[in-house]
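Analysis of the macromolecular model
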Protein chains: 2
Amino acid sequence: MTKILPKILERRVAAKGNIFTIEQADLEFSNGIKRTHEYVRTRGDAAVLAVPVLNQDTLLLIREYSVGVERYELGFPKGIMEPGEDPCEAANREMMEEVGFGARKLTYMKLMTAIPGYMKSRMHCVLAQDLYPEKQEGDEPEPLEVVEWPIAKIDTLLEREDFTEGRCIAALFLALEFLKNHG
Amino acid sequence: MTKILPKILERRVAAKGNIFTIEQADLEFSNGIKRTHEYVRTRGDAAVLAVPVLNQDTLLLIREYSVGVERYELGFPKGIMEPGEDPCEAANREMMEEVGFGARKLTYMKLMTAIPGYMKSRMHCVLAQDLYPEKQEGDEPEPLEVVEWPIAKIDTLLEREDFTEGRCIAALFLALEFLKNHG
């Protein structure tokens, strides 16, 4: 079923930080009702996430300080796409920077959003297999801790209070489905 | 392994919209390196998401306009927790408002984050079973379209370009795992 998109009557910048911008859009829905919706833009708006498969039994995670929740959080390597990169190239670079591995096999899985009602931000999710050691310098303030996680213990990972990012949990399940179906 | 948290030397509001606030924190990592991290706060910072199970073969989704991505997006009912509510109560209310059903059985699944590196925002994810019709008025600008989705066709849902929210995909997989294990 095709729905009629609301008309965007006006769009304006409400406030600006260094990397985030708060914008507002005046919308008119197809039933005539008008609303102002506020949302957040960020640099680039396009990011990548890699699920690194070390071997058939083991995934790689990183442990990184997350100021939003003020703790170290487990997750997958990710970052902003750079000009000229395609999603698989960008995912491979982020993996080299953050976990010290490149991948000979990169499989595009899914374009995800974080908060589509309030952010434009999109993240390409890539499965990385057939890894080889390769370290590139990133811009992290401290070396990221790389954690080997046994696929047999995914339930324990899901129960942890420091593995919470929706896109990481989603990418984990998508990767496991892919590995189950394609080996 | 316990990691030493960075010291938060200073924290300030950089810019304010109506519902979002951009904040900056000056951090000193345990290796002495200092960085300023920018992040986004929002009203409440605590939200809920419900996965409504209509019957053993069918989940309920909503189709809602998402200004961040400027399209109608499929997802699960969700919203901000109100004062005094626990996560299951809030999930049940959001479900009544957005899909027109209450649930006799609510199971807490997981606390998720959207972008823990850049937002404090947390979302409690709840499985809703044993549904009964019950409509409460919400504050939506137009009635939300409710979509019955067959569990047998989840692969098709995951391939869609309008079902992209990481937390919704994660909640879907967590719900399917729960249903597989607990019936």
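Rules used in this analysis
- Residues numbered from 1 in each chain as written.
- Chains lettered and ligands numbered in written order.
- Predicted model: local features only at pLDDT ≥ 70, side-chain atom pairs only at ≥ 80, totals over all residues.
- Heavy atoms only, no water.
- Helix = DSSP H or I, 4+ residues; strand = E, 2+ residues; numbered from the N terminus.
- Buried < 20%, exposed > 50% of the residue type's maximum accessible area, 1.4 Å probe, protein only.
- pLDDT = per-residue confidence, 0-100.
- Core = buried A, V, L, I, M, F, W, Y, C linked by side-chain atoms within 4.5 Å.
- Contact = heavy atoms within 4.5 Å.
- Domains from an automatic or database assignment.
- Buried area = accessible area lost by both parts, 1.4 Å probe.
- Salt bridge = Lys/Arg side-chain N within 4 Å of Asp/Glu carboxyl O.
- Polar contact = N/O pair within 3.5 Å; in protein donor to acceptor, adjacent residues only side chain to side chain.

Below, the discussion takes up unusual backbone geometry. All names here are of chain B. Of note in the backbone geometry, Glu70 takes a positive phi value of approximately 55° without being a glycine. Secondary-structure assignment places Glu70 in the loop between β5 (58-66) and β6 (71-75). According to the relative accessible area criterion, Glu70 is partly exposed, its value standing at 31%. The phi angle at Asp130 is positive, at roughly 55°, despite the residue not being glycine. Structurally, Asp130 is set in strand β9 (residues 122-133). Classification of Asp130 as partly exposed rests on a relative accessible area of 45%.

Our next topic: the confidence of the model for chain A. Considering every residue of chain A, the mean pLDDT works out to 95; 99% of them sit at 70 or more. The ipTM, which scores confidence in the relative placement of chains, is 0.96 for this predicted complex, and the corresponding pTM is 0.96.

This paragraph deals with the nonpolar core. Among the nonpolar cores identified, the biggest contains 58 residues, and A:Val51, A:Phe76, A:Phe163, B:Val51, B:Phe76 and B:Phe163 are the most heavily contacted of them. Setting aside residues up to four positions removed in sequence, A:Phe76 forms contacts with A:Leu49, A:Ala50, A:Val51, A:Pro52, A:Leu60, A:Leu61, A:Ile62, A:Phe163, A:Cys168, A:Ala171 and A:Leu172.

All right, on to the domain arrangement of chain A then. Residue and element names in this part refer to chain A. Considered domain by domain, chain A is made up of domain 1 (7-42) and domain 2 (47-182). When each unit is reduced to the centre of its C-alpha atoms, the spacing between domain 1 and domain 2 is 31 Å. Summed over both partners, the interface of domain 1 with domain 2 comes to about 400 Å²; 64% of that surface belongs to carbon and sulfur atoms. Across the contact surface, domain 1 and domain 2 share zero salt bridges. Remark: the boundary between domain 1 and domain 2 carries one residue pair in polar contact (both at pLDDT 80 or more).

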